[in-house]
Amino acid sequence: MTAQLIDGKAFAATLREKVADHVAHLKRTHGVTPGLAVVLVGDDPASQVYVRSKQTQTLVAGMHSYEYTLPSETSETDLLGLIRELNADPDVHGILVQLPLSDHIDEASVIESIDPAKDVDGFHPVNVGRLATGQTTLVPCTPMGCLMMLREYGGRLTGQHAVVIGRSNIVGKPMAQLLLRENCTVTVAHSKTVDLASLVNRADIVVATVGRPHFVQGEWLKTGATVIDVGINRIDQGDDTTRLVGDVDFDTAKDIACAITPVPGGVGPMTIACLLANTVTACCRQLTLPEPVGLTV
Ligand SMILES: Nc1nc(=O)c2c([nH]1)NC[C@@H]1CN(c3ccc(C(=O)N[C@@H](CCC(=O)O)C(=O)O)cc3)C=[N+]21
Ligand SMILES: [Mg+2]
């Protein structure tokens, strides 16, 4: 292993400390406790694990957590009704609706119903537009966490060629926007990209968000590249146990990259820490209090 390991778990713990410090400050000086509402429709076990993790960390940071677990047959009308109530609730500063939603619910309608000021996922078209036009906004948590790590471990970002593999609204597109804002030269690749290997070979920064286990090969990489692995793939080991792996073939990449995030313990923990940070930021903006330093990108 020659690459530096980017310890997302430790980085996230530090960020959560900053969040907790500011929460304590808000309570002490303004009598305000930031509150995050998390809405989960259905009983997908993986989603339940993530949601529980978000709740625990929200409470540990000293914030209020409001949890809504709705049955899988919940109608879109009922879900929109709940969001309307949360939008109007002054104790709720952040709203997260766990995705994906089941097929009978239109995701776009649900996202658009969230008050952009409380949209801590940064998925609302108003916030997407603000990011694209360089205005103040709430930045999607996963790319926000990736950027924080890149700023720390990726050297001077200006002028670097970043290749983002994946074009989702949740990660790929906002990641490209953020890297552009950092003055990177950004290429967005995807499943239809021709000769991905030689494209990746020209990248100083690689962000892999394709959702395919071990997809990016170490031999594709340019020597000294910084690699951010967004993939969270649970693979069967053939002995009734599963293992979490990324979109990058870590074992071959680690000898060629300059710095690389592991899975688990990389982007995942940072995503949740950024969600907490966004909740504090949203709270401060809603109450027109001074914005905390170090909780935004
Ligand atoms: N509205 C919405 N916002 C989200 O941010 C959102 C979502 N829906 N739906 C599902 C995905 C997934 N996601 C993860 C967050 C943390 C870890 C995480 O902490 N992973 C640990 C491992 C966890 C494990 O062992 O399973 C790690 O990578 O080290 C993973 C995945 C947020 N998501
Ligand atoms: Mg759907």
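Residues numbered from 1 in each chain as written. Chains lettered and ligands numbered in written order. Predicted model: local features only at pLDDT ≥ 70, side-chain atom pairs only at ≥ 80, totals over all residues.

Bringing the overall build of the protein chain into the picture now. A tally of regular secondary structure across the protein chain gives ten helices and eleven strands. Its C-alpha atoms give the protein chain a radius of gyration of 19 Å, near enough to 19 Å, the size a compact globule of 297 residues would have. The C-alpha extent of the protein chain, read off along each of the three principal axes, is 50 × 40 × 35 Å. A buried classification covers 44% of the 297 residues belonging to the protein chain. (Helix = DSSP H or I, 4+ residues; strand = E, 2+ residues; numbered from the N terminus. Rg over C-alpha atoms; globule rule 2.2 N^0.38 Å. Buried ≥ 20, exposed ≤ 12 C-beta atoms within 10 Å, placed from the backbone.)

A few words on the sheet that holds strand 1 (residues 4–5). If you walk across this open sheet you meet the six strands as 1-11-8-7-5-6, and the pairing is parallel. With partners counted over all chains shown, the strands left at the sheet margins are strand 1 and strand 6 (185–189), one partner each. Where strand 1 and strand 11 (residues 259–260) come together, two bridges link them in parallel fashion. Across the sheet, residue Gln4 finds its bridge partner in strand 11, namely Ala259. (Pairing = 2+ DSSP bridges.)

To continue, consider the UniProt feature "domain: Tetrahydrofolate dehydrogenase/cyclohydrolase catalytic" (unreviewed entry) in the protein chain. UniProt records the feature "domain: Tetrahydrofolate dehydrogenase/cyclohydrolase catalytic" (unreviewed entry) for residues 6–121 in the present numbering. Helix makes up 51% of residues 6–121 and strand 16%, and the two end C-alpha atoms of the span are 24 Å apart. (UniProt positions renumbered as here; feature names shortened; annotations may be inferred.)

Helical geometry note: an α-helix holds 3.6 residues per turn, so side chains three or four residues apart project in the same direction. Every buried residue of helix 5 (residues 125–132) is accounted for by Asn127, Val128 and Leu131. One side of helix 5 holds all its buried residues, which, seen down the axis, span an arc of 105 degrees. Contacts from the buried residues of helix 5 go to helix 7 (172–181). Gly134 sits one or two residues past helix 5 and shows a positive phi near 75 degrees. (Arc of directions from axis to C-beta. Contact = placed C-beta atoms within 7 Å.)

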